[in-house]
There are 2 protein chains.
Amino acid sequence: MSENAREAILTAARSAAQLHGYSGINFRSIADEIGIKNASIYYHFSSKAALGAAVARRYWQDTSTLLAEIRAHNPDPWQRLRAFPSIFRKSLENANRLCLSSFMAAEYEDLPEEVLAEVRAFADVNVAWLTEALADAGWGSAQDRDRRARAIYTAVAGAQLIARSRTDLHLFDDLISSYQEAGLIPA
Amino acid sequence: MSENAREAILTAARSAAQLHGYSGINFRSIADEIGIKNASIYYHFSSKAALGAAVARRYWQDTSTLLAEIRAHNPDPWQRLRAFPSIFRKSLENANRLCLSSFMAAEYEDLPEEVLAEVRAFADVNVAWLTEALADAGWGSAQDRDRRARAIYTAVAGAQLIARSRTDLHLFDDLISSYQEAGLIPA
DNA sequence: ACCTGAACACCGTTCAAGT
DNA sequence: ACCTGAACACCGTTCAAGT
């Protein structure tokens, strides 16, 4: 049960964090969910900060894997750029969940530094992936690509946030289409 | 002290909410700050939900006033569109505060319905103002304008969220410039 | 009309104690 | 090695009580 308990805690904490944020990670609820006592969580994670950092680290690592799969399945860089928003869409499809990193960006003032570092890593992974796709597409200069990659990531994260507040997947799709029509996301 | 206490509570709660969210509105801290006891807040607001709704309502009303001033000072609709992001920039300048509505959009799952209604009103006010500016500029069809207004509002809110997580005003300016260069914000 | 103290169930955290 | 019970200071909320 040792490795299993640790994994079960991580899974439950991530699910809670995408719904309620870092501040909404509740040790008693998580413990109940996986059938241990809340004090037991401290055997696996030294503090809420440590648990939060572990959740955020695992989150960007999983996202990095997903992005690598999209890259592997889509040799055409333009297709990759079109596929990028699908990761954010999947969160909304999954019980209206928000990107963990967006939630934690909002909670910036209350986050321990070790958690913040992982939040920044998530953004970096996404921006690097987009930059590479733009480069493969032969789009713009190196500096232009970095700027545009940040703009795309930011706008898509914003679309997820706003669509969530209306529980409206169609609004998300519509915002992404608008970005594409406007030329923000090259197509 | 009666009207003053109510106003003082609203001001302190708004400040806290832009830094820590709805869940971070703390009755004991607010009471300390304005020199009353936490139980006294319930004389002015029947619950945390009622206080949160009052804060969010006041917030979109104040924003609506600010937007009207920008409109009054900028007869040129293109100038108005360029000025729009300045409201979100001011929040960041003010101790890295986030748009209350963005924070509450993240907290969607934990918000009482009466608070959510005010969050939606904030987005509506912003989108309506942008739609009007696009119309005055003779930009697109009525349907295009509504879609584009939503996209601009969403992307700017996203830029504020991401720039906040790096405490980086320059990043905010850079993202807005990218939006303009990409043509998302007509210039 | 406006405010307070004391109590409630709830949080993260600690720690000595169990197996 | 892994888990627990009991305690701590903290939260939103209630309510009877003060002026």
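Residues numbered from 1 in each chain as written. Chains lettered and ligands numbered in written order. Predicted model: local features only at pLDDT ≥ 70, side-chain atom pairs only at ≥ 80, totals over all residues. Heavy atoms only, no water.

Our next topic: the UniProt feature "DNA-binding region" (unreviewed entry) in chain A. With numbering aligned to this structure, UniProt lists the feature "DNA-binding region" (unreviewed entry) at residues 26-45 of chain A. A distance of 14 Å separates the end C-alpha atoms of residues 26-45 of chain A, which is 60% helix and 0% strand. (UniProt positions renumbered as here; feature names shortened; annotations may be inferred. Helix = DSSP H or I, 4+ residues; strand = E, 2+ residues; numbered from the N terminus.)

This brings us to the interface of chain A and chain B. The interface is formed by 43 residues belonging to chain A together with 43 residues belonging to chain B. Where chain A meets chain B, there are six salt bridges. Take the side of chain A that touches chain B: its biggest share by element is 12 residues, from helix H9 (residues 142-164) of chain A. The class makeup of the residues in the side of chain A that touches chain B is 20 nonpolar, 11 polar and 12 charged. (Contact = heavy atoms within 4.5 Å. Salt bridge = Lys/Arg side-chain N within 4 Å of Asp/Glu carboxyl O. Nonpolar A, V, L, I, M, F, W, Y, C, P; charged D, E, K, R; others polar.)

This paragraph deals with the nonpolar core. Within the largest apolar cluster, 121 residues are counted, with the highest numbers of intra-cluster contacts made by A:Tyr179 and B:Tyr179. With 11 residues, the single largest contributor to this core is helix H8 (residues 113-136) of chain B. Sequence-distant contacts of A:Tyr179, defined by excluding residues within four places in its chain, comprise A:Ala155, A:Val156, A:Ala159, A:Leu184, A:Ile185, B:Ala151, B:Thr154, B:Ala155 and B:Leu184. If you look at the next biggest cluster of nonpolar residues, it comprises 10 residues, including A:Leu98, A:Phe103, A:Ala105 and B:Ala105. (Core = buried A, V, L, I, M, F, W, Y, C linked by side-chain atoms within 4.5 Å. Buried < 20%, exposed > 50% of the residue type's maximum accessible area, 1.4 Å probe, protein only.)

This part is about the side chain of A:Arg148. For A:Arg148, the location among the structural elements is in helix H9. Among buried charged residues, A:Arg148 stands out as having no salt bridge; its nearest opposite-charge side chain is B:Glu181, 6.1 Å away. Engagement of the side chain of A:Arg148 in a polar contact is seen with the backbone oxygen of A:Gly183, the distance being 3.0 Å. Each residue touching A:Arg148, except ones within four places of it in the same chain, is listed here: A:Leu134, A:Trp139, A:Gly183, A:Leu184, A:Pro186, B:Glu181 and B:Ala182. (Lys, Arg positive; Asp, Glu negative; His and termini not counted. Polar contact = N/O pair within 3.5 Å; in protein donor to acceptor, adjacent residues only side chain to side chain.)

Another point: helix H6 (residues 85-93) of chain A. All names here are of chain A. Among the residues of H6, those classed as buried are Pro85, Ile87, Phe88, Ser91 and Leu92. Looking straight down H6, one finds that the buried residues subtend no more than 160° of arc, so they occupy a single side. Immediately downstream of H6, the backbone of Ala95 shows phi near 60°, a positive value. (Arc of directions from axis to C-beta.)

Next up on the list: helix H10 (residues 169-182) of chain A. Residues and elements named next belong to chain A. Relative to the 20 Å expected for 14 residues at 1.5 Å per residue, H10 spans 20 Å between its end C-alpha atoms, a close match to the ideal helical length. Within H10 the residues assigned to the buried category are Leu171, Phe172, Leu175, Ile176, Ser178, Tyr179 and Ala182. Buried residues along H10 cover an arc of 155° about the axis, so they all sit on one side. The exposed residues of H10 that point more than 90 degrees off its buried face are His170 and Glu181. Of the residues flanking the start of H10, the one acting as N-cap is Asp168, its side-chain oxygen 3.0 Å from the backbone nitrogen of His170. Where H10 ends, the next residue or the one after it, Gly183, has phi of about 95°, a positive value. (Expected span 1.5 Å × (residues − 1).)

Here the focus is unusual backbone geometry. Even without being glycine, B:Ala95 reaches a positive phi, approximately 60°. You can see B:Ala95 is positioned in the loop between helix H6 (85-93) and helix H7 (100-106).

Both copies of the chain are related by one operation, a rotation about an axis with a shift along it. The two copies are related by a screw operation: chain A maps onto chain B through 180° of rotation and 0.0 Å of translation along the axis, at an RMSD of 0.0 Å. Such a combination of rotation and displacement between the chain copies is what one expects of a two-fold axis. (Least-squares fit on C-alpha atoms with pLDDT ≥ 70 in both.)

Relative to each other, H9(A) and helix H9 (residues 142-164) of chain B sit at 105°, their axes nearing to 7 Å. In terms of axis orientation, H9(A) runs roughly perpendicular to H9(B). Contacts from A:Tyr153, A:Thr154, A:Ala155, A:Gly158, A:Ala159, A:Leu161 and A:Ile162 in H9(A) reach B:Tyr153, B:Thr154, B:Ala155, B:Gly158, B:Ala159, B:Leu161 and B:Ile162 in H9(B). Residues of the contact of H9(A) with H9(B), tallied by class, amount to 10 nonpolar, four polar and no charged. (Axes fitted to C-alpha atoms, helices over the stretch in contact; angles between N-to-C directions. Parallel < 35°, antiparallel > 145°, perpendicular 65-115°, else oblique.)

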